[in-house]
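Here are the chains, one letter per residue:
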Amino acid sequence: MKMIKVTRKKKFAGAVMPYWIICQESKNDLMSRLELKGDACEMSEAGFPLPRIDIQELDRIGTRIMNGQTIELELADDILTLFVSTMDGFFSDEINIDEYISMGKSVVINTKGGFKDLSHPVIE
């Protein structure tokens, strides 16, 4: 087993929107299984995200993290990657967990966008 600490920076943009930390399935596998294209979900004319993933699916494969929260995850040794999703299916880049652990780094999630663009997670 391995442990990794994940912190979501406190930001005004997307403050009430939960994110999900996904490491049970690679991003490519999830996108193939759900037939998704690209990391971003589309935006309506009113500026709201158009959901492309079900919250129940996110709860099944991921761990919910709220604005300003820190979570320590205990993962099986065969889990290699991690990425983050919004409740609508806007994905961050995927990182290699072992690289972060070997460097002694924790994962920090930031929020980009807002106002003109959709708020979305970015791993620093």
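Located above this text is the structure these notes cover.
One structure accompanies this document, and this report is about it.

How each quantity is defined
- Residues numbered from 1 in each chain as written.
- Predicted model: local features only at pLDDT ≥ 70, side-chain atom pairs only at ≥ 80, totals over all residues.
- Heavy atoms only, no water.
- Pairing = 2+ DSSP bridges.
- Helix = DSSP H or I, 4+ residues; strand = E, 2+ residues; numbered from the N terminus.
- Axes fitted to C-alpha atoms, helices over the stretch in contact; angles between N-to-C directions.
- Salt bridge = Lys/Arg side-chain N within 4 Å of Asp/Glu carboxyl O.
- 1 Å grid on protein atoms, 1.4 Å probe; cavity = no way out; pocket = protein on both sides within 12 Å on 5 of 7 lines; lining within 4 Å.
- Points joined across faces, edges and corners; volume = space filled by probe spheres on them.
- Buried < 20%, exposed > 50% of the residue type's maximum accessible area, 1.4 Å probe, protein only.
- Contact = heavy atoms within 4.5 Å.
- Core = buried A, V, L, I, M, F, W, Y, C linked by side-chain atoms within 4.5 Å.

With that settled, the discussion passes to the sheet that holds strand 7 (residues 107–114). Here four strands make up an open sheet; going across it, the order is 4-1-7-8 and the pairing mixed. One side of each edge strand has no neighbouring strand; the edge strands of this open sheet are strand 4 (70–75) and strand 8 (117–123). Between one strand axis and the next, the sheet turns through 25 degrees on average, direction left out of account.

So, about the pattern of salt bridges. Side chains that differ in charge, positive against negative, can pair when their charged atoms come close. Applying the stated criterion to the full structure yields seven salt bridges. Across the salt bridge formed by Glu124 and Lys9, the nearest N and O atoms sit 3.2 Å from each other. Taken together, the residues Glu124 in the segment after strand 8 and Lys9 in the loop between strand 1 (2–8) and strand 2 (19–22) connect sequence positions 115 residues apart. One continuous salt-bridge network, built from bridges that share partners, spans Glu25, Arg33, Glu57 and Arg60.

Its boundaries defined by the atoms lining it, the largest pocket holds a volume of some 310 Å³. Taken together, 18 residues make up the lining of the largest pocket; nearest its centre are Gly14, Gly114, Asp117, Leu118 and Ser119. When residues of the lining of the largest pocket are assigned to their parent elements, the largest contribution, three residues, is made by strand 8.

Our next topic: the environment of Pro49. Residue placement: Pro49 occurs in the loop between helix 1 (27–33) and helix 2 (55–61). Owing to a relative accessible area of 27%, Pro49 belongs among the partly exposed residues under this scheme. Between the alpha carbons of Pro49 and Gly89 there is a distance of 9.0 Å; along the sequence they are 40 residues apart. When neighbours within four sequence positions are excluded, Pro49 is seen to be in contact with Cys41, Glu42, Met43, Asp88 and Leu118.

Moving on, we get to the nonpolar core. Counting 19 residues, the largest nonpolar core has Val6, Ile21, Leu73, Leu82 and Val107 as the members making the most contacts within it. For this core, the elements supplying multiple residues, two or more each, are strand 1, strand 2, strand 4, strand 5 (81–86), helix 3 (97–102) and strand 7. Considering every element that reaches this core, the biggest residue donor is strand 4, with three residues. Aside from chain neighbours lying at most four places away, what touches Leu82 is Val6, Ile21, Ile22, Cys23, Leu73, Asp93, Glu94, Ile95, Ile97, Val107 and Ile123.

Outside of glycine, negative phi angles account for most residues, and trans bonds account for most peptide bonds. Even without glycine at this site, Glu35 takes up a positive phi of about 55 degrees. With respect to the secondary-structure elements, Glu35 resides in the loop between helix 1 and helix 2. The exposed category is assigned to Glu35, whose relative accessible area is 68%.

We now examine the sheet that holds strand 3 (residues 62–65). Across the sheet, four strands lie side by side as 3-2-5-6; this open sheet has antiparallel pairing. At either margin of the open sheet sits one strand with a lone partner, and together these are strand 3 and strand 6 (95–96). In the sheet, strand 2 pairs with strand 3 via four bridges, with the strands oriented antiparallel. Counterpart to Ile22 in the pairing with strand 3 is Gly62.

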